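Residue-level listing of the chains:
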Amino acid sequence: MAKLEQNSVSQKQIDTAFKEFKSIVGDQWASSLHEDKESYNDPYNPGQEFEFVSGGFVAPESVPEVQEIVRVANRLGIPLWPLSTGKNLAYGGAAPRVPGTVMLDLKRMNRILEVDEELAYAVVEPGVSFFDLHQYFKDNNLKLWMSVPGPGWGSIVGNGLERGAGYGYYSDHFASSRGLEVVLPNGELLRTGMGALPGSNAWHLFNYGYGPHVEGIFTQSNYGIVTRMGRDLLPEPEFYMSCEINCPRESDLEAVVTALRPFKIDETIRNSLTIMNLELIASFMSVRSQWYDGNGPIPEEILKVMQEKLNLGRWNAAFALYGSEIKVGDAWNRIQNAVKHISGVELHARTYQPGDEILHPRDQSQAGIPSLSEFSLVNWRGAGGHIDFSPIGPLRGKDAKIMNDLVRSLNYEYGFDHLGGFYCDARSFRCINTLVFRKDDPEEMAKVRKLFSRLVSEFAKLGYGEYRTHLAYMDQVASTFNYNDNAMLRFQDLLKSAIDPKGIIAPGKSGVWGNKDMGGVQ
Ligand code: ADP
């Protein structure tokens, strides 16, 4: 455990800090009361309920307030954990890595600062959720689509900083973000990229600025608090097709990845191509006990029944095509030709033009309409909890098979179903595996903890690393990125020590502790 917990800050320092926080934000926006600590808990932690409990919260309303709070925290040695909407579920929710860290809750900073229909981009504060931005488009009759992740209640900034993926045209959410404003751990305000030029006309439009490119270091990191971010949007396309390719056999995974890869590389498929297994999609629309109530993974004969009743494949590819009707039609023809050799493959397409009502949940997501429809997966086993194991692989059929076989066999070994899928970028994929467990069953949670840890180490041995992880595994995952005697982690720690010598911002985030005397992993 981190030293910070052992040398915890004195009660006197905490009391002084909260007194000062309250004078900055107003009495109701800062508290260290017990119930306020609980409200920042991770509801899906596979373990003790308050393993990652916060030390209260402070919720500023403006950038100068954030700066003042950070200065107080620095002076008094109070660690702060920034959060935008706190919906980082499956990876720790709103909870901090080190118990007792004070939540710097940015939900009140929820202004949509700019939406430009001509250049198709938005600039938002951290508290703006996907729902909020979508509502703004509707209220202002703006013909713009954003990329939304599965559940739409999270924030544009928080999800972008975690390098999350969505279903829209610009599905890599950090890659389509540009121009940050950051409060540094000493309270100073930094503008990245072209924003460093006072009065810049292209802050949120150009990928870079001048000199070393630093935006990435503020993602999955603890080097600053992001108070503003720009995000690309798609002008509403004149034609949109939602496509599904259902492959009947477990062994079809390799073939479908191989067949669709060229269309990702040449950007015929621009949004996130997903290839999900039967169990994962079943968990969006049903609960396990509807199909099977026994122990251990669902048996093969029941999977066959599920497949038939739900009219799904064992592997189900889904993606969108956007553009003119001719362009989309041509792309769909080429894609159909590429997959038709998969015996028993089923193809579905639904088309939309501006003004059409979009009701299908998947089609809504790809059209930038946020929802919570995927969220029902948490109740697959009842008393819902889940964490995600998310390694990255090359967009090759053989890697998909190796990774899938391993994650499935380890899940089965521990008695769990395997709910998984591949979220494909142009040349790689995020192999997302949802480990669902009962929150009221300590034995089941203990098994999940062991399983997860094994997954991390077994995958690392084969050269596959995670793109993001839960609080409980941040150190373990960081320790697998250990090329050349942990050169990366040492570099990240060096930066941390220079930027945040007192370790004030999010100690331990992503396994970065900086100055070991403040919070190094023991
Ligand atoms: P969301 O609700 O969008 O899913 P969260 O608010 O849960 O996102 O934040 C996800 C993670 O990203 C947090 O744990 C925190 O470490 C980091 N984070 C969120 N917002 C900020 C921010 N404005 N500045 C720096 N880090 C942030």
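Along each chain, numbering runs from 1 in the same order as the chain's sequence is written. Thresholds applied to this predicted model are a pLDDT of at least 70 for local features of residues and 80 or more for the giving and counting of side-chain atom pairs; totals over whole chains, interfaces and linings are not thresholded and use all residues. Think of the side-chain values as coming from all heavy atoms in the structure, minus any hydrogens and water.

**Q** Explain the domain arrangement of the protein chain to me, using residue names and the numbers behind them.
**A** Per the domain assignment, the segments of the protein chain are domain 1 (11-106 + 493-511), domain 2 (112-235) and domain 3 (239-470). Domain 1 and domain 2 are separated by 22 Å when their C-alpha centres are compared. Residue contacts are defined here by distance: any two heavy atoms, one from each residue, within 4.5 Å place the two residues in contact. Domain 1 puts 24 residues into the contact, and the matching count from domain 2 is 25 residues. Carbon and sulfur atoms supply 65% of the area that domain 1 and domain 2 bury against each other, a total of about 2100 Å² over both sides. Simply put, the buried area is the total loss of 1.4 Å probe accessible area from both parts when two parts are fitted together. In terms of surface lost to domain 2, no three residues of domain 1 exceed Val63, Ile499 and Lys509, which account for 23% of the buried area on that side. For this document, the term salt bridge refers to a Lys or Arg side-chain nitrogen within 4 Å of an Asp or Glu carboxyl oxygen. Our enumeration of links across domain 1 and domain 2 arrives at one salt bridge. Between Lys509 and Glu162 there is a salt bridge; the shortest N-O distance is 2.6 Å. What qualifies as a polar contact is a pair of N or O atoms within 3.5 Å, subject to a donor-acceptor requirement within protein and to the restriction that residues adjacent in sequence count only when both atoms come from side chains. Linking domain 1 with domain 2 are eight residue pairs in polar contact (both at pLDDT 80 or more), by the criterion used here. Throughout, the edges of the domains are those of an automatic or database domain assignment.

**Q** Provide a residue-level description of the nonpolar core, including the pertinent values.
**A** Only buried residues count toward a nonpolar core, which is a set of Ala, Val, Leu, Ile, Met, Phe, Trp, Tyr and Cys residues joined through side-chain atoms within 4.5 Å. Exposure classes here rest on a 1.4 Å probe applied to the protein chains alone. A residue is buried below 20% of its type maximum, exposed above 50%, and partly exposed in between. By size, the foremost hydrophobic cluster in this structure holds 51 residues, and its most contacted members are Ile245, Leu260, Ile275, Phe319, Leu321, Ile335 and Phe422. Numbering of helices and strands runs from the N terminus; a helix is a DSSP stretch of H or I covering at least four residues, while a strand is a stretch of E covering at least two. Element by element, the count of residues in this core is highest for helix 13 (residues 442-461), at seven residues. Sequence-distant contacts of Ile275, defined by excluding residues within four places in its chain, comprise Leu253, Val256, Val257, Trp315, Asn316, Ala317, Gly421, Phe422 and Cys424. Counting 36 residues, the second-largest nonpolar core is a separate cluster that includes Ala30, Tyr40, Val72 and Ile78.

**Q** How would you summarise the site of the ligand if you had to cite specific residues and measurements?
**A** Any residue with a heavy atom lying within 4 Å of a molecule or strand is counted as near it. Around the ligand, a shell composed of 22 residues is seen, among which Ser84, Thr85, Gly86, Lys87 and Ser155 lie nearest. The contact in question runs from an oxygen atom of the ligand to an N or O atom on the side chain of Glu162, over 3.5 Å. For every accessible area listed, the method is Shrake-Rupley and the probe measures 1.4 Å; residues are considered covered only by the protein chains on display. Protein chains bury 97% of the 550 Å² of accessible surface belonging to the ligand in isolation. Elements that contribute at least two residues to the shell around the ligand include exactly strand 3 (80-83), helix 6 (156-161) and strand 10 (225-232). Here the shell around the ligand gets four residues from one element, more than from any other, and that element is helix 6. Tallied by class, residues from the shell around the ligand come to nine nonpolar, 10 polar and three charged. The residues that make up the shell around the ligand include at least three from each of domain 1 (11-106 + 493-511) and domain 2 (112-235). When residues are grouped by polarity, Ala, Val, Leu, Ile, Met, Phe, Trp, Tyr, Cys and Pro land in nonpolar, Asp, Glu, Lys and Arg in charged, and all others, Gly among them, in polar.

**Q** Describe the state of the cysteines, with residues and values.
**A** We call a pair of cysteine sulfur atoms a disulfide whenever their separation is within 2.5 Å. Applying the stated criterion across every chain yields a total of zero disulfides. Cysteine Cys243 shares no disulfide, and the gap to the nearest cysteine sulfur, in Cys247, comes to 14 Å. Distance from the sulfur of Cys424, which forms no disulfide, to the nearest cysteine sulfur (Cys431) is 9.9 Å.

**Q** Explain the layout of surface pockets residue by residue, including any values.
**A** As defined here, a cavity is a set of points on a 1 Å grid over the protein atoms alone where a 1.4 Å probe fits but cannot get out. A pocket is an open set with protein on both sides within 12 Å along at least five of seven lines, and residues line them when an atom is within 4 Å of a point. Grid points are joined across faces, edges and corners, and a volume is the space filled by probe spheres set on the points. Looking at the largest pocket, its volume works out to about 620 Å³. In terms of lining, the largest pocket is formed by 27 residues, of which the most central are Arg163, Gln220, Phe481, Gln492 and Ser510. Of all the elements in the fold, those that place two or more residues in the lining of the largest pocket are helix 14 (474-480) and helix 15 (483-499). At five residues, helix 15 tops the list of elements feeding residues into the lining of the largest pocket. Residue composition of the lining of the largest pocket, by class: 13 nonpolar, nine polar and five charged. Estimated volume of the second largest pocket: approximately 470 Å³. Lining the second largest pocket are 22 residues, with Glu244, Ile281, Phe284, His360 and Arg362 sitting closest to its centre. Mapped onto the lining of the second largest pocket, the elements with two or more residues apiece are strand 12 (239-247), strand 13 (273-277), helix 8 (278-285), strand 14 (315-323) and helix 11 (361-366).

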